[in-house]
Structures are given as structure tokens and as C-alpha cells.
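The lines below spell out each chain.
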Amino acid sequence: MSRLEAKKPPLFISEPLTGDAVSQSLSLLSGILKSSYGPAGRLKQLHNGVGGCVCTTSQSSALLGHLSISQPVLRVLTASVRNHVSRFSDCGLFTAILCCGFIENFRSLNVAPFTVIKISKHLLSLCTDHLKSEACGCRVSVDFSSVGTLVCLVRSILTSKPACMLNKTEVDHLTSLVLKAFVFTVPCHVETNTVLGKCVTIPVKGRRVVDSTVLPGLLIETPEIQLGKPLAVKRTGSNTIKVALFSVSMSGDGFNPEEGTIVVHHGVSLEVSELNQLLSVGKQLVKDEVGLVVCQKVMHPSLKQYLQENGVIAVDRAGLCLMEPLGRMTGSQPIASIHSLSPGCYGSLKDLCVESFAPKHFLRLIPEDTVFCSLILCNRSETAWDELKRVCETAEHVLQLTVKEPLALLGGGCTETHLASYLRHKSSILPASTFKDLDCSQTQYQLVAEGFCRSLESVARSLSHDGEEILTDMAYGHCWFVPSGSPCVSKWSDLVSKCGCGMNGNTEDLSWRFLQGQSGSPVIQGCPKEPSGKVSDLLTLDCFAAKCSGLQVALETANLILDLSYIIEDQN
């Protein structure tokens, strides 16, 4: 077929960061992300122009997943952030805001991009080395023998998303549930290759948050089971319940015309043949003393009735999400064909019972030694429930990451301002050999370092949404918020009680300075010291692994974008 029009040549865009369109788009994206950041962040309502689902959120995963971005530069940025979130679940907004800050601050410097990249990598190494050192003043060790620090970590995550619409009582209740669910997933017996279990979230919308609960084992919704009716289930000689999982449809319509043609002899009914095969499978299951049959898809009513008449509980429409944890918990191998059953594919359970969370009824599967549990999560509206589910899953993932690396970082903007103070001090005492190794002048290094510090401080400033003044103290480098509309006083300590993370109070004779915007900031003389007070019960904490990764991803992505000299777009 001949072409209807001539092929267009590709579009070449040189120095894309100098264009007004990219600058405006970057500024707009940065504004959206900054206004969503923190416990007081503003909510965003995302929907398409033809109706459909409306998402109200301030979470990076939901924001970046719903935004339609056409600028190639911004697509690189959002793809990097979404990849980070897929691996760590947390610190997505931190990563995106910091990356935007790096781009905005570095491109305004009169320094070659190649030099900026080399210097910024050196600054990143200073940050990571400091965060991993025992002397770091913004790092907190997590002791799993005490729940205090874990409570602070989970509470900080739950309170960071206002769309969940939680009050203090609800936050405390959910914090204890998330920790309880996490403990259920930790094996009692530690082996060489220990694998954590899984918490499955069960939605119950339209109920109070405090009605949420955690139960060991897995729940499967079964509307047909009546509450109060005795649950008669077949058991083996060892008093366990044998389980069979089917990942194939058992509805009797197994033939798919797209797979080819089938020849049916005269007088033979394909439907009857399929049903006979299903009943044959049922007889084999009864003979093998199976007590519970779970089908991922639909089960034929006749087969379900036959199994129930023979003391076998049959559950269908379990769904794909439950199959993996069901297989792991029971030791079953999902059966993918109704034409072959192997004795080795069965698993086992300790017990079954019925649970009710009106108006829903569930079959609860209780294993011998469980590392699986069900979080029955309630909230008043569908929008708030969706946001709460994402937050609880993030908290669970953060706890899993903290097991691998039992550390946390101070939140509330204090880690960012502390790192900025540390870098200003460190860059002022570097030996001349460092500048020689980096092939740059001391002036160039100081310019890039100041841009790096301003980018970190811009993240802390993003926590202010109501016109608060933001200070940083000259001793610890922590972040302090002065309420908007406060009267002019001679001492800032009369207006501030605690720093952003809650570690430091105003009991000491501290001196402060304003966290300034794009204007220069004075270099702090002396390295910020480690707080001397004990860890507070109301500390704001961030995930150590997620924040360290976010710092690295933000800089690497910004450097990649700064190094772009051409964008080539296919116009066909």
C-alpha cells in the first residue's frame, strides 16, 4: 500500500532545558508536588474529561500514575520517581521535589554541566557517607525489642497523607494494627533464607476506621455461607484439613474457540461431557479426603453441590491476588488442569471458621504455623479507603525494609536542613587536592555545593503550606516552624517549642537563621552536632533505605536531564 503522505523528518530540539516550554512545565510539576508534600499538603483531585473514576490524593504513586505528561524531559523525571516508588513505596514526593530542585538550581549556575555533574556526585558521596556513619546526627537506630521507634515510624507514614482523614484515635488504632500485622508476618523460627509472610488487605467500606482489625490466617469472602450455621468440614486422620487450589476455570465452559476447532460426534453433548469431567474431578477430591476446594475462577453449581454433599467446602471466585498467599500458606500447588490431579499438589490447614464483618461473611483459613494475616481495613468513604490502603501497604513495606537495615532518619525537614548544614561546613574545609581531583576551582565547587544545599532546603520549605516562617538552628541544623501570624518577638524560642522531627526542644540557648529561598545563605561555622536528648515518643521519622535511595535517584536523574543536549522526536 502506497503512503498517503510523505514521511516527515524527525524533530530535533537542541538544549531542551533552555526552552520556555520545558521551564514552565517543570515549574508547574514542581509546584504540584510541593503543594502535596507533608501532613498539611493540599489534596489533588484527578479525573479524565469523559468521566470515570475520580482520585483524591496527595501520594506520589497516585499523582504520577494519573498525570498525563507529554514533555520528554518530565517523562524521564517521573519515570525515575515511579521506579523508585515501585521498589521502596516511600519518599516519592521527596525524590521528585529534590530532583526538580537540583535541576532548577544547577541550570542557573554559570558552570559547565559536565563539571556540575562531577561536583554533585562528590557531594552525594559526602551525604551518603555521613548518613551511614555513627556520628550522623539525623540517624536513629531502630530497636526491634522495643516498639517505641517502630510506632513513631508507622505513625509518621499514616499522618503524612491527609486524604486518609484520620483523627488521633484512629491513627493510634491503625498504628497498632499495622505493627501487629507486621509481627504476624515474621517467622518464629529464623532460618538461613528466612522469607517474611504476607498481610492481605480486606476492604470494608462505609464503616468506622476503629472497626478495623487484624486476624491471623487468610480471609476469603463467601456470601453464601450463613453465620451461626455449624461448619462441617472433612478432616484427615491427622485432624488436618486437606486443601486443593484450582487456578483453572471449573465452570464447565473450558473450550475456547480462539484456541482452534473441536470435532463433536453426533449425539454427544459438549456441555454434558465437560460436566462429567468436573464431577469425575470431584469424586477424586472426595476420595483423596480433600476438605477445602478453592477455585480462582468460577465453579459449576453442580460440582459445588456435589462437593458440599460429601463434606467438602467449595469456594469459587477467589481471585488472582489470593492465589499466591494461599499457595504459600497451605503448601498447595495451584492445579491448572481438570484432567490431571497429583497427590503432591494438595496442601493442609489447621482449621476453618466463619467471620462476619457486616454485611460481609468470610471463611477464615487458619494454618498450623502462620506468617500470613488479614487486615480488615475500614473507612467511611471509598476515596479515603483507597488512600488508606496505599498508606498501610507503604507502612508494611517500610517495616520490611527496616528489618534489613534497622535505621531511620529524622523527618519533618530536619534531615534535609541537617545535611545542608553539614555540606556547607564540609565544603568549606576541603583540601585543595579535592578540587584538583575533580578538575574544578574552589569557586565552582562552592557554587554547586550551595545549589545542592538549597535543593535540600527547598524540600524542607515544601512542608510549609500556611505561610509559616521556617528557621534552622545553628547548633544541630534542624528545621523549625514559626506559626503564621505570630507576633514579633526578640527571642524565637518564645514562638517555637520543638523542631520539625520533635527531637530538640527550645530548652537550650539556640541561635537560629531563616531558611532562605534562592538568595545566598551564610555558611554555618562548625559541623552540626548530634542531639544530646533521648528519643522522643512522638518523633517524626522517615525510612532510611527509601530516603537514601531517593537522594541518589533524584541527583542521578537531575544529572541525566542536565546532560541532555538534544531531544529527537519521530513526527510520523
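Residues numbered from 1 in each chain as written. Predicted model: local features only at pLDDT ≥ 70, side-chain atom pairs only at ≥ 80, totals over all residues. Heavy atoms only, no water.

J.: Help me get a handle on the packing of aromatic side chains, residues and values and all.
T.: Counting across every chain of the model gives 5 aromatic pairs. Between phenylalanine 102 and phenylalanine 452, the aromatic rings sit 4.9 Å apart at their centres with planes inclined by 50°, giving tilted as the arrangement. With phenylalanine 102 in helix α4 (residues 92-107) and phenylalanine 452 in helix α14 (residues 442-461), this residue pair connects regions lying 350 residues apart in the sequence. Each member of the pair, phenylalanine 102 together with phenylalanine 452, is buried. Relative to tyrosine 445, the ring of phenylalanine 435 has its centre 5.5 Å away and its plane inclined at 65°; by these criteria the two rings are edge-to-face. Linking phenylalanine 435 in helix α13 (residues 432-438) with tyrosine 445 in helix α14, this pair joins segments that are 10 residues apart in sequence. Accessibility expressed as a relative area gives 8% for phenylalanine 435, which makes it buried. On the basis of relative accessible area, tyrosine 445 is assigned to the buried category, the value being 0%. Through successive ring pairs, a cluster of aromatic residues spans Phe102, Phe106 and Phe452. (Phe/Tyr/Trp six-rings, centres within 6.5 Å; stacked < 30°, edge-to-face > 60°. Helix = DSSP H or I, 4+ residues; strand = E, 2+ residues; numbered from the N terminus. Buried < 20%, exposed > 50% of the residue type's maximum accessible area, 1.4 Å probe, protein only.)

J.: A description of the sheet that holds strand β4 (residues 139-141) should follow, citing residues and the corresponding values.
T.: Two orientations exist for strands paired in a sheet by backbone hydrogen bonds: parallel and antiparallel. The strand order across the open sheet built from 3 strands is β4-β15-β19, with neighbouring strands paired in antiparallel fashion. Every other strand in the sheet has two partners, leaving β4 and β19 (541-543) as the edge strands with one partner each. Averaged over all pairs of adjacent strands, the angle between their axes in this sheet comes to 45°, without regard to strand direction. Against the sheet, helix α15 (residues 544-562) makes contact with β4, β15 (407-410) and β19, and its axis sits at roughly 70° relative to β19, the strand it touches most. (Pairing = 2+ DSSP bridges. Axes fitted to C-alpha atoms, helices over the stretch in contact; angles between N-to-C directions. Contact = heavy atoms within 4.5 Å.)

J.: Run through the environment of glutamate 368, naming residues and quoting values.
T.: Tracing the backbone shows glutamate 368 in the loop between β13 (360-366) and β14 (372-379). With relative accessibility at 55%, the residue glutamate 368 sits in the exposed group. Sequence-wise, glutamate 368 and aspartate 351 are 17 residues apart; in three dimensions their C-alpha atoms are separated by 8.3 Å. Contacts of glutamate 368, omitting those with residues within four sequence positions, involve Thr240 and Lys350.

J.: Any details on helix α5 (residues 113-131)? Residues and values, ideally.
T.: Here α5 is 19 residues long and its end C-alpha atoms lie 26 Å apart, about the 27 Å a rise of 1.5 Å per residue gives. Looking at the packing, one finds that the buried side of α5 touches α4, β4, β15, α12 (414-428), α14 and α15. (Expected span 1.5 Å × (residues − 1).)

J.: An account of the environment of leucine 77 is requested, with residue identities and associated values reported.
T.: Tracing the chain through its elements places leucine 77 in helix α3 (residues 72-88). Distance from leucine 77 to threonine 95, taken between C-alpha atoms, is 9.7 Å for residues 18 residues apart in sequence. With residues up to four places along the chain from it excluded, the contact list for leucine 77 reads Leu26, Leu29, Cys99, Cys100, Ile103, Thr557 and Ile561.

J.: So what's going on with the sheet that holds strand β6 (residues 213-216)? Residues and values would help.
T.: The strand order β5-β14-β6 describes an open sheet built from 3 strands, whose pairing is mixed. Two strands lie at the open edges of the sheet, namely β5 (198-205) and β6, each paired on one side alone. Direction aside, neighbouring strands of the sheet carry axes that sit 20° apart on average. Relative to β14, β6 runs antiparallel, the two being bridged by 4 bridges. Residue pairing in the sheet places valine 214 in a bridge with leucine 375 of β14.

J.: Give me the lowdown on the environment of serine 58, citing residues and values where you can.
T.: Position of serine 58 relative to the elements: it lies in the loop between β3 (51-57) and α2 (60-66). A C-alpha to C-alpha distance of 8.9 Å links serine 58 and glutamine 45, two positions 13 residues apart in sequence. Serine 58 has contacts with Ser36, Arg42, Leu43, Leu63, Leu93, Lys161, Pro162 and Glu387, leaving out every residue within four places of it along the chain.

J.: Describe the side chain of arginine 364, and please don't skip the residues or the numbers.
T.: Mapped onto the elements of the fold, arginine 364 is located in strand β13. Here proline 216 takes part through its backbone oxygen, which lies 3.1 Å from a polar atom of the side chain of arginine 364. At 3.1 Å, the side chain of arginine 364 and the side chain of glutamate 355 are in polar contact. Excluding anything up to four places from it in sequence, arginine 364 contacts Leu215, Pro216, Leu218, Leu219, Asp351, Leu352, Cys353 and Glu355. (Polar contact = N/O pair within 3.5 Å; in protein donor to acceptor, adjacent residues only side chain to side chain.)

J.: Any details on the confidence of the model for the protein chain? Residues and values, ideally.
T.: Scored by pLDDT, the protein chain has a mean of 86; 89% of the residues are at 70 or more. Ignoring residues within four places in sequence, the model shows residues 518-525, a span with pLDDT below 50, making 18 contacts including any to other chains. (pLDDT = per-residue confidence, 0-100.)

J.: Could you give me a rundown of the pairing of β13, with the residues and numbers involved?
T.: Within a regular strand, side chains alternate between the sheet's two faces. With 4 bridges joining them, strand β7 (residues 218-221) and β13 adopt antiparallel strand pairing. What sits directly across from leucine 218, in β13, is leucine 365. Sheet topology places strand β12 (residues 351-357) next to β13; 7 bridges connect them, and they run antiparallel. Each bridged residue has a counterpart across the sheet, and for aspartate 351 the counterpart in β13 is isoleucine 366. The hairpin turn running from β12 into β13, its antiparallel successor, is 2 residues long.

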